[in-house]
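Remarks on the overall topology
Chain by chain, the residues:
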Amino acid sequence: MLWLLLASVGPALATAVELAGCFGSSMVLQRDVPARIWGFSSSPGARIEATLHGSKVETSADASGYWWLELAAQPASAIGVDISFRSTDGSPAVVLADVLFGDVFLFSGQSNTVFTVGMGFNATAEIDRAKSYPSIRVMTVGESRAKDPQSLIHVSQPWTRASAPGAIGGPGVGNWSHFSAIGWFSVRNLFDRLEGRVPMGVITSAVSATSILECKRRHAVHLPTRPTCSLFRPSGDELLTCG
């Protein structure tokens, strides 16, 4: 389900080799496991080639233009690398620059997750401190709602290094008006506990005032039978039964 949530381009809009929206320069890919990358091509059947550290991996786009491949597992590394993607249709190469390998975290929820770093009591000091964490990278998925899994979404904050304030849309994360405080503080504290040995990527995808049903597949919500549950008072008397 994660790839359906985070893809920001679809076959109908692809004009060459395009990557799903969860991928970008300055991102972090999960360490120690094969890294799955996916995207779309305007040429169904085209061969797609990815290059990392001089090693090449190939795959083919299916009839709808969708493709995926896996890069070899990499150890944790704070040294940025480039990953290039080329197609046999002759379209320009796509290059992801300054990619790190480490641990990646997805934060999702309601308003408590939407609450941003810039809204915190110690926002000024914390935002200034962020420039000391170039190995933490952040990304924010834009808010959207739909009845079915989507291939097209809005990414409100592309992957970027944690940094002190800068021009919105320029290097760094601007005034931190987009990024989750829970996401930042949780990962920053873990990064410190590990003494900075492992780069970390943080993705926030949260929408205020949503219910748990909105995060479930439609068929799960409309199952013909539902589990029976009972709530009890400490005395053991039944308080509520649902089923």
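Residues numbered from 1 in each chain as written. Predicted model: local features only at pLDDT ≥ 70, side-chain atom pairs only at ≥ 80, totals over all residues. Heavy atoms only, no water.

With the rule as written, the count across this model stands at 5 aromatic pairs. Measuring from centroid to centroid gives 5.8 Å for F40 and Y66, while their planes differ by 55°, and the two rings are tilted. Of this pair, F40 sits in strand 3 (residues 35-41) while Y66 sits in strand 6 (residues 66-71), and the two are 26 residues apart along the sequence. Accessibility classification places F40 together with Y66 in one group, the buried group. (Phe/Tyr/Trp six-rings, centres within 6.5 Å; stacked < 30°, edge-to-face > 60°. Helix = DSSP H or I, 4+ residues; strand = E, 2+ residues; numbered from the N terminus. Buried < 20%, exposed > 50% of the residue type's maximum accessible area, 1.4 Å probe, protein only.)

Once that is clear, we can look at the pairing of strand 3. Taken across its 7 residues, strand 3 has 6 buried, putting it largely inside the fold. By the bridge criterion, 3 bridges tie strand 1 (residues 17-19) to strand 3 in an arrangement that is antiparallel. Residue pairing for strand 3: E18 is matched across the bridge by F40. By the bridge criterion, 6 bridges tie strand 3 to strand 6 in an arrangement that is antiparallel. (Pairing = 2+ DSSP bridges.)

This next bit is on the side chain of S84. Within the secondary structure, S84 sits in strand 7 (residues 77-87). Apart from the residues lying within four places of it in its own chain, the contact partners of S84 are E49, A50, T51, V94 and V95. (Contact = heavy atoms within 4.5 Å.)

Membership of the largest hydrophobic core comes to 30 residues, with the highest contact counts inside it found for F23, L29, I37, W67, L71 and F85. Residue assignment for this core shows that the elements contributing at least two residues are strand 1, strand 3, strand 4 (47-52), strand 6, strand 7, strand 8 (94-107), strand 9 (136-141) and strand 10 (155-161). (Core = buried A, V, L, I, M, F, W, Y, C linked by side-chain atoms within 4.5 Å.)

Next up on the list: the sheet that holds strand 3. Here 3 strands make up an open sheet; going across it, the order is 1-3-6 and the pairing antiparallel. Strands at the two margins of the open sheet, each flanked by one partner only, are strand 1 and strand 6. Here the strands of the sheet are splayed against their neighbours by 35° on average, with no regard to which way each runs. (Axes fitted to C-alpha atoms, helices over the stretch in contact; angles between N-to-C directions.)

By themselves, these are just geometric observations and shouldn't be taken as functional.
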